[in-house]
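Chain and residue survey
Spelled out from the first residue to the last, the chains are:
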Amino acid sequence: MTSTLHRETLETLAFRAGYLALFALLVLPLLVVVVTSFAASGRLAFPPESYSLVWYGEFFGDLRWLTAFENSIIVGVGTAILATVLGVLGAFGQEIDDDSRIGSIVGPLVLLPLLIPPVILGITLLMYFSELGIRGSYVTLVLAHTLWATPLVYFVMRSVFSRFDWQQLDAAADLGAGPIQSFVHVVLPNVKQGVFVGGLLAFIISLQEFVMALFLSTASTETIPVLAWTEIRQALDPMVSVVSTFLILFSLVALALAVLATNLEWVSRQLS
Amino acid sequence: MAETNTDTGLVGSVGTALPTRSDLAELSSSRKALLLMAPLLAFEALIFVVPFFILLRISVTEGSSDHVYEPGTWSLESYAVVFNSGLLHDIILYSFLLGAIVTVLSVLIGLFYAYAIWRSSGIVKSLLLLSVVMPLLTTLVIRTYAFNPLLSPTGTFNDVLLSAGLLSEPIQFVPATAGAVAGQLYIVLPYAVLAIYSVLATMDWGIVEAARDLGASRPRSFVEVVLPQVIPGIIVAAVISFAWSVGAYAAPDLLSNGITFAVHAEDLMIGDMRYSLAAALSVVMLVLMLVSVTAITLVLNRFGGDFDLA
């Protein structure tokens, strides 16, 4: 009996040590980025020898970074709008008519782009957009990112709609509301948090996406991750850490908003 | 699901009283549904399905010295290059090797971490969840880049190990395959953890407790009770980890000297502008990956099935 107890204590200790070590390893790279952004010298080292805000000053004086930032926001907002419209309508349509044949292919079809390596998607879309003659525009980036953001919005909305009480919609119809009226006044108020979280996640996906953007952007439309990539291949200085800190901050704020609207557990489960 | 059933049930019950009205409602509801799904379907068709047919078409054109490819021509020369080039074989093999190593690590660590999240509560659970969600929402450029100051010969890990006396001279983690594995693992692990966790979260802890009350040790209750139930989550985790790691671009490029298929394909596309060859290589990789992903799924399914029988 005592030996079992002894073994169980050891198991518990090993288990805790295991996940705490993993926790540290998962957080460490992000910590490195944030801490090195406050470095005083140009050499990227962790921990830095001395601290300053020098690189933040550099960032706000650098037109290239500011332009890339603007590009990222334009593409992100475009993606959020398009993915939200497509995802919400699609999920709503499937919810109304659950056993249609076309409906059953929507889920797998929407999910499939996430399982294709982004490099292959980038190559494919670059060839396609070149054929169409719209290479290098913001539109191409928005369309590519929507391919990845839509599945998130779609599955978030599926999960939200499945908890919605559909009898309310019948009641609205009985009271004489048209389809658009009942959607705006009955469905939307009940699912608006889901729509908000879906749109927010779509924005973040676009903001952070890198490989497709690398293929599809040009010097005038390059987004933050693409410019960061070009920079780190040339020199490893703390400027990229500054930019990264902003991006991490963005995600943190977005996540906080999403969690406030719902909860962390739910948001996390939607992300997989 | 339950809600939609009551919905159709309601239509059905009205239908028995008023058949004509219900037929009308039924028809208009499926037409409405189709109308609502139309933009999404059109988008997926135009931006996903059609482009892949274009890729397929370009892969069977002749390469060209002054264009990116020779439009209108038919040729299998690009496939011949892919099948005969020793360099490309090495690159493909290295990509799959990297993919396999990262996938195994990602699923094992993901399983452990997801289980830890499932078993924890309160602030610890929130912190653990946050530790996977935050990297997931951070661009992979940053996630990869952070490994440089950590793993380089003059980096943090080597400093710590050297000053602790565990090493006599620094280890070259980057640039090396070890660095690429670490970087790529950090990219896919959050997805693996969440895929497994979302299945675990629907599980009833009572079953595990019952097994323990019946005398199963903790590791045994995990292997025999928890594991078979999370097979669907493990499959998703394995497929995502594998697909993304075989196609890894940033981590191998920045953290190792090894050339993966993705790095080489980017060179072919952007550097050499050889579209036919890049397209053929992509098609071959997609087919190989489809075969491996199917195999992984079948094997894991059987594994789950065996446990069900026992």
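Residues numbered from 1 in each chain as written. Chains lettered and ligands numbered in written order. Predicted model: local features only at pLDDT ≥ 70, side-chain atom pairs only at ≥ 80, totals over all residues. Heavy atoms only, no water.

1. A few points about the interface of chain B and chain A
Heads up, the condition is: Residue contacts follow a heavy-atom distance rule, with two residues in contact if any of their heavy atoms lie within 4.5 Å. Put simply, a salt bridge is a Lys or Arg side-chain nitrogen that is within 4 Å of an Asp or Glu carboxyl oxygen. Any pair of N or O atoms that falls within 3.5 Å is considered a polar contact. Within protein, one atom must be able to donate a hydrogen and the other to accept it, and sequence-neighbouring residues count only if both atoms are side-chain atoms. For the purposes of this entry, the term helix denotes a DSSP run of H or I that reaches at least four residues, the term strand denotes a run of E that reaches at least two, and both are numbered from the N terminus. Charged means Asp, Glu, Lys or Arg here, nonpolar means Ala, Val, Leu, Ile, Met, Phe, Trp, Tyr, Cys or Pro, and polar covers whatever is left, Gly included.
Taken together, the 96 residues of chain B in the interface contact 99 residues of chain A. Taken together, the links from chain B to chain A amount to two salt bridges. Run the count over chain B and chain A and you get 14 residue pairs in polar contact (both at pLDDT 80 or more). For the side of chain B that touches chain A, the element with the most residues is helix 2 (residues 19-59) of chain B, which contributes 22 residues. Looking at the side of chain B that touches chain A residue by residue, the class counts come to 72 nonpolar, 16 polar and eight charged.

2. Focus on the packing of helix 4 (residues 101-115) of chain A against helix 6 (residues 138-161) of chain A
Helix-helix packing is characterised by the crossing angle of the two axes and by the distance between the axes. All names here are of chain A. Our working definition: A fitted line through C-alpha atoms represents every axis, and for helices the fit uses only the stretch in contact; the resulting angles, taken between N-to-C directions, go from 0 to 180 degrees. Angle categories: roughly parallel below 35 degrees, roughly antiparallel above 145, roughly perpendicular from 65 to 115, and oblique for all the rest. Here is the rule for handedness: rotate from the far helix to the near one, and if that takes an anticlockwise turn smaller than a right angle the crossing is left-handed, while a clockwise turn gives right-handed.
Remark: helix 4 packs on helix 6, axes separated minimally by 8 Å, with the N-to-C direction vectors making an angle of 135°. Regarding the angle of helix 4 to helix 6, the classification is oblique. Handedness of the helix 4/helix 6 crossing: left-handed. Between helix 4 and helix 6, the residues in contact are V106, G107, V110, L111, P113 and L114 and L147, W148, T150, P151, Y154 and F155, respectively. Grouping the constituent residues of the contact of helix 4 with helix 6 by class yields ten nonpolar, two polar and no charged.

3. Side note on the UniProt feature "domain: ABC transmembrane type-1" (unreviewed entry) in chain B
For clarity, the cut-off: UniProt positions are given in the numbering used here, feature names are shortened, and annotations may be inferred rather than shown by experiment.
Per the UniProt record, "domain: ABC transmembrane type-1" (unreviewed entry) is annotated on residues 92-296 of chain B. For residues 92-296 of chain B, helix accounts for 79% and strand for 0%, while the C-alpha atoms at its two ends are 18 Å apart.

4. Topic: the environment of L55(B)
Counting through the fold element by element, L55(B) comes out in helix 2. In this structure the C-alpha to C-alpha distance between L55(B) and A279(B), which are 224 residues apart in sequence, comes to 5.7 Å. Discounting chain neighbours no more than four positions away, the residues touching L55(B) are I123(A), T124(A), M127(A), A279(B), S282(B) and V283(B).

5. Looking at the UniProt feature "transmembrane region" (unreviewed entry) in chain B
All names here are of chain B. The positions UniProt marks with the feature "transmembrane region" (unreviewed entry) are residues 34-56, 91-115, 127-146, 185-208, 229-251 and 277-300. Secondary structure over residues 91-115 splits into 100% helix and 0% strand, and the C-alpha atoms at its two ends are 36 Å apart. Counted over residues 185-208, helix gives 83% and strand 0%. Its end C-alpha atoms are 30 Å apart.

6. Things to note about a nonpolar patch on the surface
All names here are of chain A. The line we're drawing: Like charges within 9 Å and nonpolar side chains (Val, Leu, Ile, Met, Phe, Trp, Tyr) within 5 Å are joined into patches, using only residues over 30% in relative accessible area that form no salt bridge. For the accessible areas, the method is Shrake-Rupley and the probe is 1.4 Å, while residue cover comes only from the protein chains on display. When a residue's accessible area, from a 1.4 Å probe over protein chains only, is under 20% of the maximum for its type it is buried; when over 50% it is exposed; and in between it is partly exposed.
Residues F196, V253, L257 and L260 make up a contiguous nonpolar surface patch of roughly 390 Å² in combined accessible area. For the nonpolar patch, the element with the most residues is helix 11 (residues 239-261), which contributes three residues. Residue placement: L260 occurs in helix 11. By relative accessible area, L260 is classed as exposed at 72%.

7. Re the packing of aromatic side chains
Our working rule: Centres within 6.5 Å are what make two rings of Phe, Tyr or Trp a pair, Trp counting through its six-membered ring; a difference in plane orientation under 30 degrees is then read as stacked, over 60 as edge-to-face, and the rest as tilted.
Within this structure, the stated rule accounts for 25 aromatic pairs over all chains. Relative to Y115(B), the ring of F15(A) has its centre 5.8 Å away and its plane inclined at 70°; by these criteria the two rings are edge-to-face. Of this pair, F15(A) sits in helix 1 (residues 2-36) while Y115(B) is found in helix 4 (residues 86-119), placing the two residues in two different chains. Here F147(B) and Y186(B) contribute two aromatic rings whose centre-to-centre distance is 5.5 Å and whose plane-to-plane angle is 70°, an arrangement assigned as edge-to-face. Here F147(B) is found in helix 7 (residues 147-151), whereas its partner Y186(B) is found in helix 9 (residues 177-200), with 39 residues between them in sequence. Each member of the pair, F147(B) as well as Y186(B), is classed as buried.

8. A short note on the side chain of S241(B)
Residues and elements named next belong to chain B. Position of S241 relative to the elements: it lies in helix 12 (residues 231-246). A distance of 2.9 Å separates the side chain of S241 from the side chain of S106, its partner in a polar contact. Of note is the side chain of S241, whose polar atom sits 2.7 Å from the backbone oxygen of A237. Discounting residues that sit within four places of it in the chain, S241 has contacts with T103, S106, V188 and A192.

9. Quick word on the pattern of salt bridges
Counting across every chain of the model gives eight salt bridges over all chains. The salt bridge involving E222(A) is made with R64(A); its shortest N-O contact spans 3.2 Å. With a gap of 158 residues between them, E222(A) in the loop between helix 9 (211-216) and helix 10 (224-234) and R64(A) in helix 3 (residues 63-96) connect regions that are remote in the sequence. For R233(A), the salt bridge is made with D253(B), and the minimal N-O distance between the two is 2.2 Å. Of this pair, R233(A) sits in helix 10 while D253(B) is found in helix 13 (residues 250-255), placing the two residues in two different chains. Judged by relative accessible area, R233(A) falls into the partly exposed class, the value being 45%.

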